[in-house]
Amino acid sequence: QVQLVESGGGLVQAGGSLRISCAASGLTFSYYSMVWFRQAPGKEREFVAAITWGDGSPFYEDSVKGRFTVSRDNVVNTVYLQMNSLKPEDTAVYYCAARGPRKLHSRKSQEYDYWGQGTQVTVSS
């Protein structure tokens, strides 16, 4: 079975940094576009960042551009999200999702078949 496991969440102060990871198994990782979503209390699940299969092009939601960096390591089947200059508004459960094989990413959470359990990121002011 496909499994996605997020890790690295925690509590940080505003302006701080955090790197979260998503380890994938049970799929041909390099053929899947990988995406990060987040969900804050009382809000809908929101697209954060994606990195495509193939050439690994990154995409970002406007509010995190310049602060977050998504990357992937196809050797160890892991996607990362480096989060810098964190704001209280970034507080959410961050979820990793996979779409493929050989499919481009989508900003719609409903179009993803595989999800991790999420990791909590809390940014205090």
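If you're wondering where the values come from, they're calculated on a predicted model, not measured in any experiment.

S.K.: Mind laying out the sheet that holds strand β1 (residues 3-7), listing which residues take part and the relevant values?
M.R.: Reading across the sheet, the 4 strands line up as β1-β3-β8-β7 and stay open at both edges, with antiparallel pairing between neighbours. With one partner strand each, in any of the chains shown, β1 and β7 (68-73) form the two edges of the open sheet. With strand direction ignored, the average angle separating the axes of adjacent strands in the sheet is 15°. As paired strands, β7 and strand β8 (residues 78-83) are joined by 6 bridges and run antiparallel to one another. Bridge assignment links F68 to a residue of β8, and that residue is M83.

S.K.: I'd like a description of the nonpolar core, backed by residues and values.
M.R.: Counting 29 residues, the largest nonpolar core has M34, W36, V79, L81, M83 and Y94 as its most contacted members. Within the residue set of this core, elements represented by two or more residues are β3 (18-25), β4 (33-39), β5 (46-51), β7, β8, β9 (92-99) and β11 (119-124). Core analysis: the next-biggest nonpolar cluster, separate from the first, contains 6 residues, F37, F47, A50 and A97 among them.

S.K.: Tell me about the pairing of β5, and please be specific about residues and values.
M.R.: Most of β5 is tucked away, with 5 of its 6 residues classed as buried. Where β4 meets β5, 5 bridges bridge the pair, whose relative direction is antiparallel. Note that in β5 the partner of M34 across the bridge is I51. Turn length for the β4-β5 hairpin, with the two strands adjacent in sequence and antiparallel, is 6 residues, and the turn residue G42 shows positive phi of about 75°. Two strands pair when backbone bridges link them, and β5 and strand β6 (residues 58-60) are joined in this way by 3 bridges, in the antiparallel orientation. Its bridge partner being in β6, A50 is matched across the sheet by F59.

S.K.: Any details on the state of the cysteines? Residues and values, ideally.
M.R.: All told, the structure shown has 1 disulfide when counted by the stated rule. The disulfide partner of C22 is C96, and the gap between their sulfur atoms is 2.1 Å. Looking along the S-S bond of the C22-C96 disulfide, the torsion reads about -75°, which is the left-handed sense. Residue C22 is located in strand β3, and its partner C96 is located in strand β9; the two are separated by 74 residues in the primary sequence. A single burial state applies to C22 and to C96, both of which are buried.

Here is what the cut-offs are and how they apply
- Residues numbered from 1 in each chain as written.
- Predicted model: local features only at pLDDT ≥ 70, side-chain atom pairs only at ≥ 80, totals over all residues.
- Heavy atoms only, no water.
- Pairing = 2+ DSSP bridges.
- Helix = DSSP H or I, 4+ residues; strand = E, 2+ residues; numbered from the N terminus.
- Axes fitted to C-alpha atoms, helices over the stretch in contact; angles between N-to-C directions.
- Core = buried A, V, L, I, M, F, W, Y, C linked by side-chain atoms within 4.5 Å.
- Buried < 20%, exposed > 50% of the residue type's maximum accessible area, 1.4 Å probe, protein only.
- Disulfide = S-S within 2.5 Å.

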